[in-house]
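Below are the chains, spelled out letter by letter.
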Amino acid sequence: MNLELSPILIRLQNMLQGLITAIPNLLIGLLVFALFVFLGNVVRQAVQGLATRAGQPHGIAMVFGRIASWAVLAFGALVALTIIIPTLTAASLFGALGISGVAIGFAFKDIFQNLLAGLLILVTRPFQLGDQIVSGDHEGTVEDIQMRATMLRTYDNRLVVIPNSELYTNRVVVNTALDKRRLSVMVGIGYGDDIALAKELILHEVSRLDVVLSDPAPQVLVRELGDFSVNLEVRFWIDPPIRREAVEAQDQVLETIKRTLPSHGFDLPFPTQQLLFHDQTEDGDGDRSRQQEGWPAAKSAARGQAKGEA
């Protein structure tokens, strides 16, 4: 059996000749792409400089510079492809990119959404690095704001990765956005205690604490007539409004109140319940003039009943 190898050799020869012919285009394309790489670095530095002079933070300036550099590199890659592959026209290239772009968009919708949300967070700056925020069930300090997610360090030293789209579309409480923060604690006094004197004592002692600001001044308000106590709300302000200061300030205020009120004769009542029984077999059961619900009949009514029977 004779094998005809000439077609294979001819095919290999044509492929090698085509490769040799394409070497100049390949070199020119690589040179053009290298030029665009250099141009991308120049554009990145220029955009960073403009953003910095415009008053943007360093992190945002870097993001803007990277986006501009990526745009230049993407355009340079397209130009280099058209040089390396002459049969690839701009119309066919953009057509293919359009079809593939739709498919990629559907496949990476969440990623692109997080990228856009991260860019908007960096631009609008609802919170910054070092701020203490509350997002859903998570609370902590912002460690890093990346393009895809934000890193949150909780107070018990755990790292939470929150997608930027979640932070941008949902409610976020920024505890350290302002320079002051108001805190409050509740304390109950007995119904027989002097409310005005309790307010005066609490304000006098709380105002002496170093962690409590004098402006705005502390307040004590009656908030509720509870089941077993008159509940007072003690409001005070701290600065800085960080979590550690808030916990320590509440600790000192509660300790001061606990030491001050009992030493001046005030009662800090415990939860108590009173159980009242009455005998439903009594003759006066249900007669409100002779017996109140839960209480025995009055003595006068009982005596009157006895005389009538006699």
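By the naming in an unreviewed UniProt entry, the protein is Small-conductance mechanosensitive channel, taken from Deinococcus enclensis. Under the Subcellular location (unreviewed entry) heading, UniProt states for the protein: "Cell membrane". The protein has a UniProt comment under Sequence similarities (unreviewed entry) that states "Belongs to the MscS (TC 1.A.23) family."

Engineer: Whenever I open this one, the pattern of salt bridges confuses me. Can you help?
Structural biologist: Pairs can form between side chains of opposite charge once their charged atoms are near each other. Evaluated as defined, the whole model comprises six salt bridges. Of the charged contacts in the structure, one is a salt bridge between Glu143 and Arg153, with a shortest N-O distance of 3.0 Å. Residue Glu143 is found in strand β2 (residues 138-145), and its partner Arg153 is found in strand β3 (residues 149-154); the two are separated by ten residues along the sequence. Overall, the relative accessible area of 39% leaves Glu143 in the partly exposed class.

Engineer: Looking at this structure, I do not really get the nonpolar core. What am I missing?
Structural biologist: Burial of nonpolar side chains together is a common tendency in soluble globular proteins. In terms of nonpolar packing, the biggest core is built from 23 residues, with Ile202, Leu232, Val234, Phe236, Val253, Ile257 and Leu261 touching the most fellow members. Breaking this core down by element, the ones donating at least two residues are β6 (181-189), α6 (195-207), β8 (230-238) and α7 (243-263). With residues near it in sequence (within four places) discarded, Val234 still touches Leu183, Ser184, Val185, Val187, Ile202, Val206, Gln219, Val220, Val253 and Ile257.

Engineer: It is not clear to me how the sheet that holds strand β7 (residues 219-225) should be interpreted in this structure. Could you clarify?
Structural biologist: The three strands lie next to each other as β6-β8-β7, forming an open sheet whose pairing is antiparallel. Edge positions in the open sheet fall to β6 and β7, since each of these has one partner strand only. Across the sheet, the mean angle from the axis of one strand to that of its neighbour is 25 degrees, orientation sign disregarded. When β6 meets β8, the two strands line up antiparallel, connected through nine bridges. From the neighbouring strand, Val187 faces β8, where its bridge partner is Leu232.

Engineer: Would you mind showing me how to read α6 here?
Structural biologist: One full turn of an α-helix is made of 3.6 residues, so residues set three or four places apart face in the same direction. In a regular helix each residue adds 1.5 Å, so 13 residues correspond to 18 Å; α6 covers 18 Å between its end C-alpha atoms and thus fits that length. Along α6, the residues that are buried comprise Ala198, Leu201, Ile202, Glu205 and Val206. End-on, the buried residues of α6 take up no more than an arc of 120 degrees, which puts them together on one face. α6 presents Ala196 and Glu200 as exposed residues on the side facing more than 90 degrees away from its buried surface. Check the buried side of α6 and you find it contacts β6, β7, β8 and α7. Backbone nitrogen of Ala196 and a side-chain oxygen of the N-cap are separated by 3.1 Å at the start of α6; the cap is Asp194.

Rules used in this analysis
- Residues numbered from 1 in each chain as written.
- Predicted model: local features only at pLDDT ≥ 70, side-chain atom pairs only at ≥ 80, totals over all residues.
- Heavy atoms only, no water.
- UniProt positions renumbered as here; feature names shortened; annotations may be inferred.
- Salt bridge = Lys/Arg side-chain N within 4 Å of Asp/Glu carboxyl O.
- Helix = DSSP H or I, 4+ residues; strand = E, 2+ residues; numbered from the N terminus.
- Buried < 20%, exposed > 50% of the residue type's maximum accessible area, 1.4 Å probe, protein only.
- Core = buried A, V, L, I, M, F, W, Y, C linked by side-chain atoms within 4.5 Å.
- Contact = heavy atoms within 4.5 Å.
- Pairing = 2+ DSSP bridges.
- Axes fitted to C-alpha atoms, helices over the stretch in contact; angles between N-to-C directions.
- Expected span 1.5 Å × (residues − 1).
- Arc of directions from axis to C-beta.
- Polar contact = N/O pair within 3.5 Å; in protein donor to acceptor, adjacent residues only side chain to side chain.

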